[in-house]
Amino acid sequence: MDFCYGASRALEDISLDVPYHRVTALIGPSGCGKSTLLRCINRMNDRVPGARVTRGQVRVKGKNIHDADVDLTQLRKQVGMVFQKSNPFAKSIYDNVAYGLRIHGEKNKAVLDEAVERALRHSALWDELKDRLGASALALSGGQQQRLCIARAIATLPDVLLMDEPCSALDPISTLKIEELMSQLAREFTVIIVTHNMQQAVRVSDFTAFLHLGKIIEFGPTEDIFTNPREKLTEDYLRGIFS
Amino acid sequence: MDSSDLPRRPELRNLIIRNRKRTILGFDPQQIIKYFFGANASTAVIVLVLIMIFLVREGVDFLPTNRHELQTYRQAGLEFCDLVDRPLREHQTLSSSLRQCVSAALEPIVKDARERRNAAFLLKTQAEEKAARQREALENALEREPPPAEDQLAALRKDLQTAAAAASQALIYPSLFTAEETALFKAQLAALSPELTDLPPFIQALSAEFMTQDRAAREKYADLVTAQEEFDEAPDDLHELVDELKEQALGAKQSVEESHALAVNRQQLLEAAETTADPDEKASLIKEAEASVGEEVDLTALTKELTARTGELQTQIAAYVESAEKAAASLPDDVGTPDAAALLQKAKKGLPAHVQDMREAATALESWRVDKPVSMLRVIGAFFFGTEWITNSSWQDFFGFVPLLTGSVVIALIAVFIATPISVIAAIYTNQFATDREKELIKPVIEFIQAIPSVVLGFIGISLVGDLIKEFSEVSWLQWIPGFPIQERLNMFNAGCLLAFMAVPTMFSLSEDALNNVPRGYIDASDALGATKLQTVFRVIVPAGISGILSAVLLGLGRVIGETMVVLLVAGNRIAIPDFSAGPGVVFQPAHTLTGIIAQELGEVSRGSSHWQALFMVGIVLFTISLLVNWCARAVARRFESQKA
């Protein structure tokens, strides 16, 4: 697959088979196209003028997401996303989690209650927050906000969960909590995480892809990549020769 | 630790960093620059404070001045007269609606006859105008001394006859007349000549017809007609008495004012004498001051004359109340047309209250005390809750600013009501849906509105919007709108529309900024969850920007409240509280405003008079309102800022 922003090619010859219900980490130096690749999967790049896939296709569960019969809102319901900076809405905790369901037309209070509880349990927030679901989401700590964003993303029960450096703005303890969360999430979702932090990739991921200048240099089980890289470039990067 | 133990500063450092400080007049240049910038920044604050001080200085004297005036109003007995005069004024309104009721009741019966008569009169005038030249020639000839020869006159007569005949032929006769009547009338019009002093017999007949019809109609509704006439004449005696007393009181007031003016003059002359150094001038000033003494006015004696007649007044009031009630009782229930019935109902409804007011006035006369001092609270109340703004009156000036405030508030509300949806929706569209090209067009165009001079907008309001509203108000299928058809082209709605137009740029730009400030992350998150554009806009962006939008609306309101030129030109400038009983149709009534009154009257009043001070009081209130509105807008915006963080 090739991907361009206008005339400049951001991704080239990407071929990646993300394994089902596993955590896949995308690593690589700044500007290598990790985030772009991630955003291709739920077509978040659509609203950037001139950005398009120029060759090849992106398939989610075997379906080309650029097919004419693919509904963008349905695709994004299937592929949830968590951003680098936590971005809960200025609404209550409950409304934040229920937002995704509501925009897809769910009005039944019982269904919403259940979904909110399930999502909050999954994101390990339920015990902390169950008594103050009506409080503003902005009053939470940074780590809680990010977990709330995860809860919001998984409330619609997506198949794939994209995480764009979800821990880069968090303190170590919050990071740890989210990392613990990820391995649990992988039981139910296919998780793709972009990270700058190689230790994190080792800790949380089952597979790792190393990108450099818009190309996939190496892809394989995380252990193999980190202990026994096939490519010289990967090895240099992992040893910190460039970053 | 001993200070000598510390390592010594290396000498080199002192060499490199040489002390290059120079001073100007003992100040460090850095400091001077800082003060210069600081001074510029504080100019605005200082000017604001100065404005406030100036306004308050000019305005605050209003209270003592007005208190003195109200004191005179009481002492000279004007208040005493008003006790009766004010409720008596209601009689006029009631009487006029009864009179309208009578004509409405008579209308269906006399309408035809009256129209026929009026049409005949009109035709006669037209015929005369057409033959005016010949007629004048004949008239001149008849008046000439010595009289011209008979044949000349005959020729002139013939000319006139031909002209009159031609004119009578050329006229268009309305279908009110039958063919026979038209022929008859035509002949009579052709025969018109200056020597005929009587009206043409046809017109006479029509007049007689009308009189008969009118008489018949009046007989049919005799109850109503007599009741109306009785009611109309009921207060005549009371009026006469009150007028007499009023004249007396006014005389007293004038002499008090004169003597007060002389005293003030004397005071000023004496002060001038104190300060002057020249002994001659001093002597002449003192002499002048001594001459400036008015005769002492014995107000107590004067007002005693008034209060002495309390009994007489009460008898008259009782007599009036009795006859008014009698007239009211004899009003019939059925008056034919619905118009008349409505007017009758209105009068019937108002009558008991009026009678009650008159009775209360009679008792109030007794408890009225000339020597009761006017409290400051009363003066403040008279300004802030006074419902009358009357100036340059020969009787008494009142400065109550409620009518002005109502005008300003209603107009501002209309403007905000119209401008808010337009600007907010435009802002949402521009910010979220418009393409870059559209943005490039919409934003400068809306912002350009701000550059239109308000006097030009006022001009448009007078010449264009007023006519448009009036025309629309006469369209038959729009009659369900309350207040239609409208009476005045210049009204609060018209002013409100134009002010809305002026408020749009402010509201639009600030709302757009507020939407722009919605964190990018919110939009990302909403998009990533699969929301459509509309869902994102209405569930995330607008709620997040709502405080900013509110603040924009408030700032727009501030802009509208302070606007002067448009309201002065377009609002109709009637100083009265709009009649809110008209429901939403009230917006089509004219009104005056806080800003308009200052602009209109400040140039014409003498400096330092109570009127001048009252206008400054209005200025203070206006200033306070603007400050409050802006403060609210800031408070709302601050909430928004804190939420975002």
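Here the residue index of a chain counts from 1 through its sequence in written order. For naming, the first written chain is A and the first written ligand is 1, with later ones following in the order written. The predicted nature of this model means local features are confined to residues of pLDDT at least 70 and side-chain atom pairs, given and counted, to a pLDDT of 80 or more, with totals for whole chains, interfaces and linings taken over all residues. The side-chain values count all of the structure's non-hydrogen atoms but skip hydrogen atoms and water molecules.

## Comments concerning a negative patch on the surface
Residues and elements named next belong to chain B. The patches described consist of residues with a relative accessible area above 30% and no salt bridge, like charges being joined within 9 Å and nonpolar side chains (Val, Leu, Ile, Met, Phe, Trp, Tyr) within 5 Å. Per-residue accessibility takes into account occlusion by the displayed protein chains alone, with areas from the Shrake-Rupley method and a 1.4 Å probe. The term salt bridge refers to a pairing of a side-chain nitrogen on Lys or Arg with a carboxyl oxygen on Asp or Glu at a separation within 4 Å. The sign given to each residue is positive for Lys and Arg and negative for Asp and Glu; His and the chain ends receive no count. Here the site of a charge means atom NZ of a Lys, CZ of an Arg, CG of an Asp or CD of a Glu. A contiguous patch of negative charge, built from E229, E230, E233, D236, D237, E240, D243 and E247, is present on the exposed surface. For the negative patch, the secondary-structure elements that each account for two or more residues are α9 (222-233) and α10 (236-275). Put simply, DSSP marks the helices as runs of H or I at least four residues long and the strands as runs of E at least two long, and each gets a number from the N terminus on. For the negative patch, the element with the highest residue contribution is α10, accounting for 5 residues. Relative to the helices and strands, E233 is located in helix α9. In this scheme, a residue with accessible area under 20% of its type's maximum is buried, one over 50% is exposed, and one in between is partly exposed, where area comes from a 1.4 Å probe on protein chains only. Judged by relative accessible area, which is 52%, E233 ranks as exposed.

## Description of the sheet that holds strand β10 (residues 207-212) of chain A
Residues and elements named next belong to chain A. Strand pairing is assigned whenever DSSP identifies at least 2 bridges connecting the two strands. The strand order β7-β8-β9-β3-β10-β11 describes an open sheet built from 6 strands, whose pairing is mixed. Of all the strands in the sheet, the pair left with one neighbour each is β7 (79-82) and β11 (215-221). With strand direction ignored, the average angle separating the axes of adjacent strands in the sheet is 15°. Bridge count for strand β3 (residues 23-27) against β10 is 4 bridges, and the pairing is parallel. Across the sheet, L26 pairs through a bridge with A209, a residue of β10. In this description, contact between two residues means that some pair of their heavy atoms is separated by no more than 4.5 Å. Where helices are involved, their axes are fitted lines through C-alpha atoms of the stretch in contact, as for all axes, and angles between N-to-C directions lie from 0 to 180°. The strands that helix α1 (residues 34-41) touches are β3, β7, β8 (160-164), β9 (190-194) and β10; relative to β8, the one it contacts most, it runs at about 150°. Packing of helix α6 (residues 142-154) onto the sheet brings it into contact with β7 and β8, and relative to β7 it is tilted by some 170°.

## Here we look at the interface of chain A and chain B
With 22 residues of chain A at the contact, the number on the chain B side is 18 residues. What counts as buried area is the accessible surface, traced by a 1.4 Å probe, that two parts surrender upon association, with contributions from both included. When chain A packs against chain B, close to 1,700 Å² is buried across both sides, 58% of that on carbon and sulfur atoms. Broken down residue by residue, the surface that chain A buries against chain B is led by R47, Y99 and I103 of chain A, which jointly contribute 32%. Our count for the contact surface shared by chain A and chain B stands at 0 salt bridges. We call two N or O atoms a polar contact when they sit within 3.5 Å, provided that within protein one can donate a hydrogen and the other can accept it, with sequence-adjacent residues counted only if both atoms are side-chain atoms. Summed over the shared surface of chain A and chain B, the number is 6 residue pairs in polar contact (both at pLDDT 80 or more). Among the secondary structure elements, those contributing two or more residues to the side of chain A that touches chain B are α2 (72-78), β7, α3 (93-103) and α6 of chain A. At 4 residues, α3 of chain A tops the list of elements feeding residues into the side of chain A that touches chain B.

## Observations regarding the confidence of the model for chain B
Residues and elements named next belong to chain B. On average, residues of chain B score 84 in pLDDT, and 95% of them are at 70 or above. The least confident element of chain B is helix α1 (residues 11-16), whose mean pLDDT is 60; the most confident is helix α16 (residues 402-433), at 93. Across the interface, the model reports ipTM at 0.85; the global pTM reads 0.77. A residue's pLDDT is the confidence the predictor assigns to it, expressed on a 0 to 100 scale.

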